[in-house]
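Coordinates in review
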Amino acid sequence: GDYLSLVMQFILAFGLTFLLPVLLLLLHRAGIVTRAQMVAARRYVIVGIFVIAAVVTPPDPGSQVVLAVPLWFLF
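Conventions we followed
Sequence order sets the numbering: in each chain, residues are counted from 1 along the sequence as written. Selection of residues for local features in this predicted model requires a pLDDT of at least 70, selection of side-chain atom pairs for listing and counting requires 80 or more, and totals for whole chains, interfaces and linings are taken over all residues. Side-chain figures throughout are based on the complete set of non-hydrogen atoms in the structure, without hydrogens or water. Angles here are taken between N-to-C directions and fall from 0 to 180 degrees, while the axes themselves are lines fitted to C-alpha atoms, restricted in helices to the stretch in contact. A run of H or I in DSSP counts as a helix once it spans at least four residues, and a run of E counts as a strand once it spans at least two, with each numbered from the N terminus. The crossing is said to be left-handed when, going from far helix to near helix, the turn is anticlockwise and less than a right angle, and right-handed when the turn is clockwise. The contact rule is simple, with two residues in contact once any of their heavy atoms fall within 4.5 Å. As used in this record, nonpolar core signifies buried Ala, Val, Leu, Ile, Met, Phe, Trp, Tyr and Cys residues forming a set joined through side-chain atoms within 4.5 Å. With a 1.4 Å probe rolled over the protein chains alone, any residue whose accessible area is under 20% of its type maximum counts as buried; one over 50% counts as exposed, and the rest are partly exposed.

1. Digging into the packing of helix H4 (residues 42-56) against helix H5 (residues 61-74)
The interhelical angle for the contact between H4 and H5, taken along N-to-C directions, is 145°, at an axis separation of 9 Å. Read as a crossing pair, H4 and H5 show a hand that is right-handed. Two secondary-structure elements touch here, H4 through Ile46, Ile49, Phe50, Ala53, Ala54 and Val56 and H5 through Gln64, Leu67, Ala68, Leu71 and Trp72.

If you want it as structure tokens, here you go:
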């Protein structure tokens, strides 16, 4: 039961986070967010990505980095 819960948590976390490029593209196409705004907020977004990765993953720095680094590159 605990293993299944952990695996489902990982699947949900990785699935939702890898939808970030789609969300950013839709926000850009709708005119809600511009490229200049995303560039200006880059530092805050990187910190936010690592905070979200720390909350979503178990207390293991390796899993946090495995989730945060690809998400950072996708941003």
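Here the narrative resumes.
2. With respect to the nonpolar core
The biggest cluster of nonpolar side chains holds nine residues, and these are Ala13, Phe14, Leu20, Leu24, Ile49, Ala53, Leu67, Ala68 and Leu71. In terms of residues, this core owes the most to one element, H5, which gives three residues. Discounting residues that sit within four places of it in the chain, Ile49 has contacts with Ala68, Leu71, Trp72 and Phe75.

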